[in-house]
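The chain contents come next:
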Amino acid sequence: MTASTRHGIHHVTAIAGPAQRNLDFYTRILGLRLVKKTVNFDDPGTYHFYFGDEAGSPGTILTFFPWEYVAAGRLGVGETQETVFRVPEGAIGYWTHRFIEKGVAHDSPARRFGETIVSFRDPDGMRLALIGVPGIESEPAWSGGDVPAQFAMRGFHSVKLLLKDAAPTGAILTDVLGFSEVGREGQIVRYKAGATGIGGIVDIHEAGAFLPGRMGGGSVHHIAFRAADDAEELAMARKLAENHGLQTTEQRDRNYFRSVYFREPGGVLFEIATDAPGFAIDEPVTSLGRSLKLPPAYENRRREIERGLPELA
Ligand code: ZN
């Protein structure tokens, strides 16, 4: 592991309903950039949207598999409860106003670990929140959308997992994924990945005995954590096996990163994804997300795949 290694969240992948509605909400209402429009590599009849900052930097990427007729999920223990974005501290008022104006379901501002948090839901009921973080106004932000750069989201603040106990998952976060336990507030245990500002926090909400969830629209499918490169990813996979008896999948090439997957002890599907090569590998940063990108193995089926996907305006 090198000194330059940045740990933390790489991306969050969730399940959505109709593609157009999903696209409109994340680009127009939340002002994220669509950095990649591709298909689900395991099911090329379905889109895979990636939303993020200008370049789709690790720690800013929220991705969706939109299914037109998906059944709604039901939150339960062993799942991701909330996905939280960072905004400048002074932007909270702008966002609460915007949610009212755009009819976005949201709660009144509350406090979590000393910061102001506003919880809201996307059109599929996915649980989202934004937290006002002091001192991040000057961080770069995507300003190509409807949200002025001064108020724009600046990647993930954290994810919150709803688990029976924190300790078994905490052991994986601390021993393998580069996090340390840094605090506790009520039923929430907080883990932080060193100095990583973007996507550097995992909160575990200890729920004890609670109903298990059911995956569906609005559910997070998996959380991916960062590895700098293949060597680090391999080292993390080996540690999972040797210290925790957990086997990962074989490495899969996701075109924009390379990944292994495993089910963590609390029940959430985790992925380890490499920072390299990133989203500019098959189109320039200036035009990210404009055209449908397919992995080389599907290029010869492009016309058939395009015909099977829902039309987008
Ligand atoms: Zn993933």
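Residues numbered from 1 in each chain as written. Predicted model: local features only at pLDDT ≥ 70, side-chain atom pairs only at ≥ 80, totals over all residues. Heavy atoms only, no water.

A. Spotlight on the environment of H7. Mapped onto the fold, H7 is located in the segment before β1 (9-16). Taking the C-alpha atoms as reference points, H7 and T196, separated by 189 residues in sequence, lie 6.6 Å from one another. (Helix = DSSP H or I, 4+ residues; strand = E, 2+ residues; numbered from the N terminus.)

B. Structural detail: the pattern of salt bridges. All chains considered together, the criterion is met by 17 salt bridges. For R254, the salt bridge goes to D42, with nearest N and O atoms at 3.4 Å. You can see R254 sitting in the loop between β14 (252-253) and β15 (258-263) and its partner D42 sitting in the loop between β2 (33-40) and β3 (43-52), a full 212 residues away along the chain. Exposure remark for R254: the relative accessible area of 11% places this residue in the buried category. The class for D42 is exposed, based on a relative accessible area of 59%. A salt bridge links E306 to R302, with the nearest nitrogen and oxygen atoms 3.0 Å apart. Placement of both E306 and R302 in helix α5 (residues 302-308) is noted, with a separation of four residues, approximately one turn of the helix. (Salt bridge = Lys/Arg side-chain N within 4 Å of Asp/Glu carboxyl O. Buried < 20%, exposed > 50% of the residue type's maximum accessible area, 1.4 Å probe, protein only.)

C. Highlighting the nonpolar core. Core analysis: the largest hydrophobic core is formed by 67 residues, its most contacted members being Y26, L30, W95, F120 and L177. It is helix α1 (residues 19-29) that provides the largest number of residues to this core, a total of five residues. (Core = buried A, V, L, I, M, F, W, Y, C linked by side-chain atoms within 4.5 Å.)

D. Fine view of empty space enclosed by the protein. Using the criterion set out here, one finds two cavities of 30 Å³ or more in the structure. Roughly 70 Å³ of internal volume is contained in the largest cavity. Across the lining of the largest cavity, the residue classes tally to five nonpolar, four polar and two charged. Roughly 40 Å³ of volume is contained in the second largest cavity. Taken together, G78, T80, M215, V220, H221, H222, R263, G267, V268 and L269 make up the lining of the second largest cavity. Sort the elements by how many residues they give to the lining of the second largest cavity and strand β13 (residues 220-227) lands first, with three residues. Split by residue class, the lining of the second largest cavity holds four nonpolar, five polar and one charged. (1 Å grid on protein atoms, 1.4 Å probe; cavity = no way out; pocket = protein on both sides within 12 Å on 5 of 7 lines; lining within 4 Å. Points joined across faces, edges and corners; volume = space filled by probe spheres on them. Nonpolar A, V, L, I, M, F, W, Y, C, P; charged D, E, K, R; others polar.)

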